[in-house]
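Below, each chain spelled out in residue letters.
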Amino acid sequence: MSLMPNNAPCTPVSAQFTLSKCMDAVMVMGNAHMAMARTNKLAVIASHCQGSHFLYPSKSWSGEDGGGNDVSSSGDGKYELLSAANNLIVEEIRNIMSKIEVTGNSTDTLLAGSLAKALCYIHRLTKELEVGQEIKSRILVVKAAEDCALQYMNFMNVIFAAQKQNILIDACVLDSDSGLLQQACDITGGLYMKIPQKVALAQYLLWVFLPDSEQRSQLVLPPPAHVDYRAACFCHRNLIEIGYVCSVCLSIFCNFSPICTTCETAFKIQLPQIVKPKKKKLKQPM
Amino acid sequence: MDEEPERAKRWEGGYERTWEVLKEDESGSLKATVEEILYQSKRKRVIESHGQVRLGMMRHVYVVIDCSRSMEDQDLKPNRLTSTLKLMEVFVDEYFDQNPISQVGIITTKNKRAEKLTDLAGNPKKHITALKKAVDTVCVGEPSLYNSLNLAIQTLKHMPGHTSREILIILSSLTTCDPANIYELIKTLKSLKVRVSVIGLSAEVRVCTVLTRETGGSYHVILDESHFKELLMIHIKPPPASSSSECSLIRMGFPQHTIASVTDQDAKPSFSMSHLDSSSGPGLSLGGYLCPQCHATYTELPVECKVCGLTLVSAPHLARSFHHLFPLQAFVESPVENLQGDRFCQACQAELKDKSMFSCPSCHSVFCVECDLFIHESLHCCPCCIYCQTVP
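Residues numbered from 1 in each chain as written. Chains lettered and ligands numbered in written order. Predicted model: local features only at pLDDT ≥ 70, side-chain atom pairs only at ≥ 80, totals over all residues. Heavy atoms only, no water.

- Going by an unreviewed UniProt entry, chain B carries the name General transcription factor IIH subunit and comes from Haplochromis burtoni.
- As recorded by UniProt, the Sequence similarities (unreviewed entry) comment attached to chain B reads in full: "Belongs to the GTF2H2 family."
- The Subcellular location (unreviewed entry) comment attached to chain B in UniProt states, word for word, "Nucleus". (UniProt positions renumbered as here; feature names shortened; annotations may be inferred.)

- In the annotation of an unreviewed UniProt entry, the entry for chain A reads General transcription factor IIH subunit 3, and the organism field reads Haplochromis burtoni.
- Regarding chain A, the relevant UniProt record gives this comment under Sequence similarities (unreviewed entry): "Belongs to the TFB4 family."
- Chain A has a UniProt comment under Subcellular location (unreviewed entry) that states "Nucleus".

Okay, here's the thing in C-alpha cells:
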C-alpha cells in the first residue's frame, strides 16, 4: 500500500503555525503509515508555485544499500527506515526553500502537476510488481494555498485518470475551501476535510486520513461536504444553473449568442415557421 | 455503382515469410527480438490525433448485434455470441466514460427480423443488464440488414442535426435476408447523414463494403478476440463531424445535488422521476438532483428531464470530453545517449533503462516509455508543462 502526502507550502499561515510544524505533522503521519505494515510504501512530493519536487524517495538516495557509511543511523533505537526517511525529507525541504525565490504575490500552487507526477509514480510501482500482487494506492493532499483557476482542465484530466486507476484522492485543507479538491474527492471517493484547528494537524491526519479505504467503512468519519457541481459560464465566470452549450467545443454560455467565442462557429437560429395562408379555390363561373 | 478503388486482396500478394522476423543473437536466445516486438507494439498504441478537426461530441449510436445461427460457432470461446456480448459490456462502459453526454441503443437481428433490445439512453446500467440477459437467447435463422437498419433509422431520423448519428453493425453471417432493395436504403442513409460501420466476424461481404463506403464508415473483419476488442475500441473515440452537420447552442441544466437529512424541517421525501419506468418500484429519497426548470428529482446524471425536456448534466461530464478537443501532442523520441547528466524520468523518478527517451516538445522534460504511454492514454496532460501553460 502506498500513500503520498502532497504538500503545498507556499505561504506560512500564521505566527503559531509554521511550515516546520506542518512538516512535523506530515512526518509523524508518514512514519505511522510505514510502521503499520512492512509492505507499506510512502512517497512525499512538495508542490510550490514554480514546480513540484519529490522529497522522498529522492533520486540521490537508493534505499537498498544500507551498508557502511550510514551516517543517519540514530542511536536511539528508532526503526532505521523511519529515521532515514525523516532526515531525507528535512534535507530536501531545506534545499528547495533555499533554491526558489518567491517572486511577486502569487499565492497559488500548481497542484495538477504534482498529482500527475504522483500518478506516474504509482503507475510505475504497479508495473514493477510481480504477477498476482496488488498494490492499493491513495493520495493525500495537504494544502494551504489557494486554487489556481488556470489549471481547471489539467486538474480534471488528472482526476479522471485517478478515478480510472481506482486511486483515492483525500484532501486536508488548512486555510480556504477549495472547490477543485472537493470535486476531486467526490469523484474518486476520497475524504475532504477543512481543519478547524490548525495546531492539531497531526491529530487530524492520524485520526481521519491514516486508515485505508476498507477500514474507513467501520469508522465514523466527518460527513461528506456538499459539492457544487454547477458550471461556470465562459463569458462572466458566474456559476449558472441553466446554460447554453456549444455543440462543437462544449463551451458554456449564460446567454444565447450567434457566434461561439471559443471556436467561432456561427449558430443556426431557429426562426418561427411562417404559415402560408391556404389559397381558396375560386368557384368557376358557370 | 461508382468505381471502387481496387485493393489487392491478401491472397494475391507475395508469399510472406513470417519466420524471418525472429532473429537469434550470438547466444541463441530470442530475448532481444521479443523485446523489440513488444516495444514496437507498445509504440503502435499511441495513435496520431486528428489535429484541428471538428469532432462530433454528442453521439447517438445504435449497435446492431447479429443473433443468427452463425453466432453459435465456437471459434471465439465459448461461442461467438457470449464473447460478443461480453465485449459489448466493456464497450458500453468505456463509451460512456469517453462520451458522457452521448447515447447508445442496442438492436438484435435474427430470424429475418430485427428487434430493439434497449432504446437510446444515456445510462449504462440499463444496457449492461440487457446485455447480461441476452446471453440466453437462442440463435436461429438469418439476419436481416435491411430490417435492422430500418429500425435504427426510425429513431435516428428524429434526432437533432447537431448530433452525430451512427450505426455499428456486428455481422457474423455471410448472408442477409432483405424484404426490399438495400441499395435504396443506402441512399436514404446517405441523405439522412447516418454513418454506418461494420465489424465482420466471418469474412468480407460486398454489400457491407458498399454500405460503409457510401455512408463514410469503416469496415473491418476480425482476426481473433483481441483484434475484435481493438476494433470495438476504435469506435469509442468521437469521429470527425461531417461538414453538413449543424452547429447549435444546446440548452442544458446543471442541477445541484441536495442532501437533506430527516431532521431538517423543510426536507420532504420525494420520488425520483427516473424510477417511473423501472420495474424495481419507486423509492422515496430525501434529496437528489433537482431540475432547475421544473424541480423534478433525479438520482443520477446525465439524464433528460421527463417533465420539461431539459438535458441535465454536471460540469465534470463535459470536462471528460475536453481531452478529445485539446489532444496532447505526441512526444519526440530520441536516443538516451544524447542526455547529459542524470538519466531520470521526470514523471516517475525511475532510471531510464530503455534505449530511447521521450521529450515533450513544449517543456523539453524527459520521460520513459511507460510514462509516455500512460500520459497519452490516461492522463492527457504533460506533468511538467503545467507550469507554463495557460489553459481556457
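Alright, that's what it looks like, and here's the rest.
1. A short note on the overall build of chain A
In step 1: Each helix and strand in chain A was counted, giving seven helices and eleven strands.
In step 2: Burial analysis of chain A (286 residues in total) assigns 48% to the buried set.
In step 3: Counting only contacts in chain A whose residues sit at least 6 apart along the sequence, the fraction spanning at least 24 positions is 62%.
In step 4: Working note: accessible area of chain A is about 15,700 Å², and carbon and sulfur atoms make up 54% of it. (Helix = DSSP H or I, 4+ residues; strand = E, 2+ residues; numbered from the N terminus. Buried < 20%, exposed > 50% of the residue type's maximum accessible area, 1.4 Å probe, protein only. Contact = heavy atoms within 4.5 Å. Areas by Shrake-Rupley, 256 points an atom, 1.4 Å probe, with all protein chains shown as cover.)

2. As for the environment of Gly288 of chain B
All names here are of chain B.
In step 1: Examined against the element boundaries, Gly288 turns out to sit in strand 11 (residues 287-290).
In step 2: Considering only alpha carbons, one finds Gly288 and Cys139, 149 residues apart in sequence, at a separation of 42 Å.
In step 3: Apart from the residues within four sequence positions on either side, Gly288 is in contact with Gln256, His257, Thr258, Thr297 and Tyr298.

3. Description of the confidence of the model for chain A
All names here are of chain A.
In step 1: Looking at chain A as a whole, its pLDDT mean stands at 73, while 74% of the residues score no less than 70.
In step 2: Mean pLDDT across the elements of chain A ranges from a minimum in strand 1 (residues 2-8), with 46, to a maximum in strand 7 (residues 192-194), with 88.
In step 3: In this model, residues 5-16 is a region of pLDDT below 50 whose contacts with residues beyond four sequence positions or in other chains number 37 contacts. (pLDDT = per-residue confidence, 0-100.)

4. Concerning helix 3 (residues 111-127) of chain A
In step 1: When the terminal C-alpha atoms of helix 3 of chain A are compared, their 25 Å separation across 17 residues agrees well with the 24 Å that a helix rising 1.5 Å per residue should span.
In step 2: Burial within helix 3 of chain A is extensive, with 15 of its 17 residues counted as buried. (Expected span 1.5 Å × (residues − 1).)

5. Quick notes on the pairing of strand 7 (residues 249-253) of chain B
Residue and element names in this part refer to chain B.
In step 1: For strand 7, the buried fraction is high: four of the five residues fall into the buried class.
In step 2: Judged from the two bridges that link them, strand 7 and strand 14 (residues 311-312) form a sheet pairing that is parallel. Paired with Met252 across the strands is Thr311, a residue of strand 14. (Pairing = 2+ DSSP bridges.)

6. Comments concerning the UniProt feature "domain: VWFA" (unreviewed entry) in chain B
In step 1: UniProt tags residues 60-202 of chain B as "domain: VWFA" (unreviewed entry).
In step 2: With 36% helix and 27% strand, residues 60-202 of chain B has end C-alpha atoms that lie 27 Å from one another.

7. Notes on the packing of helix 1 (residues 19-36) of chain A against helix 2 (residues 80-99) of chain A
Residues and elements named next belong to chain A.
In step 1: Look at helix 1 against helix 2: their axes get within 10 Å of each other, and the N-to-C directions meet at 150 degrees. In terms of their interaxial angle, helix 1 and helix 2 are classed as roughly antiparallel. Judged by the twist between their axes, the crossing of helix 1 over helix 2 is right-handed. Within the contact between the two elements, helix 1 uses Leu19, Met23, Met27, Asn31 and Met34 and helix 2 uses Leu81, Leu82, Ala85, Asn86, Ile89, Val90, Ile93 and Met97.
In step 2: The class makeup of the residues in the contact of helix 1 with helix 2 is eleven nonpolar, two polar and no charged. (Axes fitted to C-alpha atoms, helices over the stretch in contact; angles between N-to-C directions. Parallel < 35°, antiparallel > 145°, perpendicular 65-115°, else oblique. Left-handed = near helix turned anticlockwise from the far one by under 90°. Nonpolar A, V, L, I, M, F, W, Y, C, P; charged D, E, K, R; others polar.)

8. Some remarks on the UniProt feature "zinc finger region: C4-type" (unreviewed entry) in chain B
In step 1: Per the UniProt record, "zinc finger region: C4-type" (unreviewed entry) is annotated on residues 291-308 of chain B.
In step 2: In this annotation, residues 291-308 of chain B is assigned 0% helix and 22% strand; the end-to-end C-alpha distance for the span is 9 Å.

9. Looking at the packing of helix 5 (residues 182-191) of chain B against helix 6 (residues 206-215) of chain B
Residue and element names in this part refer to chain B.
In step 1: Two elements in contact, helix 5 and helix 6, have axes whose closest approach is 9 Å; the angle formed by their N-to-C orientations is 20 degrees. Taken together, the axes of helix 5 and helix 6 are roughly parallel relative to one another. Like other packed secondary-structure pairs, helix 5 and helix 6 cross with a definite hand, here right-handed. Facing helix 5, whose interface residues are Ile182, Tyr183, Ile186, Leu189 and Lys190, helix 6 presents Val207, Val210, Leu211, Glu214 and Thr215.

10. A look at the domain arrangement of chain A
In step 1: Domain boundaries in chain A define domain 1 (19-59 + 78-96 + 107-217) and domain 2 (230-270).
In step 2: Using C-alpha coordinates to define each centre, domain 1 of chain A is positioned 36 Å away from domain 2 of chain A. (Domains from an automatic or database assignment.)

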